[in-house]
Amino acid sequence: SIVLEKMKRILQYVLFLPTLILIALSTNLHASTQKKRNDPLKEIEKCIKNNQANDALAKITDAENHADSLQIKLHELYWLGIEAAEITNKAENEKAYLKQAYDTTSFFNSVKTIFDYGSKCKQSLYNISNTKEKNKWQQKIEQKLAKYYINIGIGAKYFYRKKQYQDAIYYINYYLNAANNGLIEDVPQECLSEYPYFAFLGMQCNYLIKQYNNVFTYKERAAKDTLHADIINEILARSSKAINDTTQYYRYLMQGLRLYPSNKYYYNNISKDLISQNRAAELNAMSDSLLRIRPQNNHYLYGKSLALIDLKKYEEAIDCAKQIISIDTTATESLFHIGFCYYKLAEEIKRPSNLHSANQSKSVQSIKNYYRESLPYLEMYRKSQPNATQKWAPLLYQIYLQLNMGKQFEEISKIMTP
């Protein structure tokens with residue numbers, strides 16, 4: 001019986017031994033895994049403690065790329081990214097406080113890096129199932145980013161002034177969207193009041209780097225910026241044209257013409273398009289309507305003169321162009337319009353249907369008179385626009401020929417000869 005009891009105990013021990021071995025192996029493996037997981041974080045923390053920001057950020061990027069195999073909690077890793085960026089921020093901030101030479105770009109880039117890692121840290125919280133833990137980290141992130149939020153706005157203006165528009169866009173988007181993305185809980189009122197202006201800056205930056213579709217993402221917020229309403233409408237018009245949205249383009253042109261009549265962009269582009277579409281009569285009627293409100297507006301008069309020329313109402317076009325010059329003596333294109341219209345009146349008489357044998361001598365005289373009327377205006381235009389040879393040279397060539405102006409004809413012939 002005693003022997004049997006001993007054998008039973010030995011058998012139990014033998015059977016339990018593999019279990020003990022497995023437990024021991026598991027414990028050692030877990031300890032090894034914990035060490036492997038924690039080593040990268042400890043190395044990063046050591047760099048941060050030694051103020052080695054660049055080394056810390058490099059190690060964070062490397063650890064991020066191998067996060068799964070290292071079993072790293074991403075929110076902990078990204079939090080270290082915030083702390084690493086704070087080293088540079090603090091260093092540049094202290095230099096500025098002590099009135100030492102500091103790197104403004106580096107300072108603002110550190111702020112952006114803080115928000116970059118703050119955003120990643122926030123997104124990584126979705127993997128945490130513990131609500132209490134998640135809320136604790138959420139609050140921690142918000143409190144940290146709130147400290148730097150105003151500097152994001154200042155950074156946006158800084159890069160905008162430097163014409164680094166793509167860089168400015170990153171800061172503008174963080175500034176405008178931090179609350180919506182859950183990065184900032186309570187946006188200061190003074191920042192909220194600046195949102196329309198920052199939306200306007202976002203529109204400008206995207207337009208200037210030809211990211212036309214992105215312009216419209218700021219439209220609603222920018223609409224509240226009444227100070228820049230004219231420029232905003234023009235940017236929307238130009239962007240609509242760039243993406244070939246003709247309907248929107250004309251809507252913004254007409255809106256601009258109605259609300260901001262002093263901005264010549266709207267009327268000039270409407271005029272150009274109507275002429276190109278053979279809708280001169282519409283342009284003439286529209287110009288007349290506008291001139292009843294602003295009779296001395298040269299832009300409207302210029303558009304009307306273009307319409308009249310296209311409609312072959314040359315004498316009315318001459319009167320209109322002369323009115324422009326009486327208001328603005330520097331309006332050189334109107335000189336060309338007058339010269340061109342007199343030239344066309346001469347050409348009209350030269351048509352076979354207008355040359356009757358009974359009045360041929362009178363017709364010839366009228367032709368020469370119109371050429372003489374045209375000549376001084378075209379010569380003045382030539383003097384003011386010497387490089388526009390394709391416009392004035394062919395007309396002066398014919399006038400010098402018809403008026404027997406030999407010396408001038410020889411000179412213009414050389415210009416006409418390639």
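Values in this document were obtained by computation on a predicted structure and should not be read as measured data.

Visitor: What is the right way to read the overall build of the protein chain from this model?
Guide: Tallying secondary structure elements over the protein chain gives 22 helices and 0 strands in all. Across the 418 residues of the protein chain, 40% fall into the buried class. Within the protein chain, contacts between residues at least 6 apart in sequence are counted, and of these 59% link residues at least 24 apart. As presented, the protein chain carries roughly 24,500 Å² of accessible surface, and 52% of it is formed by carbon and sulfur atoms.

Visitor: Explanation requested: the environment of Asn 268 in the structure shown.
Guide: Among the secondary structure elements, Asn 268 is positioned in helix α15 (residues 264-276). A residue is classified by how much of its surface remains accessible, and Asn 268, at 28% relative accessible area, is partly exposed. Placed 35 residues apart in sequence, Asn 268 and Gly 303 show a C-alpha to C-alpha distance of 7.3 Å.

Visitor: Just to check I follow, could you spell out unusual backbone geometry for this structure?
Guide: Leaving glycine out, the prevailing phi sign among residues is negative, and the prevailing peptide bond configuration is trans. For Asn 51, which is not glycine, the phi torsion reads 60° and is therefore positive. Mapped onto the secondary structure, Asn 51 falls in the loop between α1 (2-49) and α2 (53-65). You can call Asn 51 exposed: its relative accessible area is 57%.

Visitor: Where do I start with the nonpolar core in this structure?
Guide: Counting 116 residues, the largest nonpolar core has Phe 115, Tyr 149, Ile 172, Met 203, Leu 257 and Met 286 as its most contacted members. At 9 residues, the largest contribution of residues to this core is made by helix α19 (residues 332-350). When near neighbours in sequence (up to four residues on either side) are disregarded, Ile 172 contacts Ala 156, Phe 198, Leu 201, Gly 202, Cys 205 and Tyr 218.

Visitor: Help me understand the confidence of the model for the protein chain in this model?
Guide: The predicted coordinates should not be examined in detail at positions where pLDDT is low. This prediction gives the protein chain a mean pLDDT of 89; 88% of its residues lie at or above 70. Confidence over residues 23-37 falls short of pLDDT 50; this stretch has 6 contacts with residues more than four positions distant or in other chains.

Visitor: What exactly am I supposed to notice about the packing of helix α17 (residues 298-310) against helix α18 (residues 314-327) here?
Guide: Here α17 crosses α18 at 160°, and the two axes come no closer than 8 Å. Between α17 and α18, the interaxial angle falls into the category roughly antiparallel. Of the two elements, α17 crosses α18, and the hand of that crossing is left-handed. Residues Asn 298, Leu 301, Tyr 302, Lys 304, Ser 305, Leu 308 and Ile 309 of α17 touch α18, and the partners they reach there are Tyr 314, Glu 316, Ala 317, Cys 320, Gln 323, Ile 324 and Ile 327. Partitioning the contact of α17 with α18 into residue classes produces 9 nonpolar, 3 polar and 2 charged.

Procedures and definitions
Residues numbered from 1 in each chain as written. Predicted model: local features only at pLDDT ≥ 70, side-chain atom pairs only at ≥ 80, totals over all residues. Heavy atoms only, no water. Helix = DSSP H or I, 4+ residues; strand = E, 2+ residues; numbered from the N terminus. Buried < 20%, exposed > 50% of the residue type's maximum accessible area, 1.4 Å probe, protein only. Contact = heavy atoms within 4.5 Å. Areas by Shrake-Rupley, 256 points an atom, 1.4 Å probe, with all protein chains shown as cover. Core = buried A, V, L, I, M, F, W, Y, C linked by side-chain atoms within 4.5 Å. pLDDT = per-residue confidence, 0-100. Axes fitted to C-alpha atoms, helices over the stretch in contact; angles between N-to-C directions. Parallel < 35°, antiparallel > 145°, perpendicular 65-115°, else oblique. Left-handed = near helix turned anticlockwise from the far one by under 90°. Nonpolar A, V, L, I, M, F, W, Y, C, P; charged D, E, K, R; others polar.

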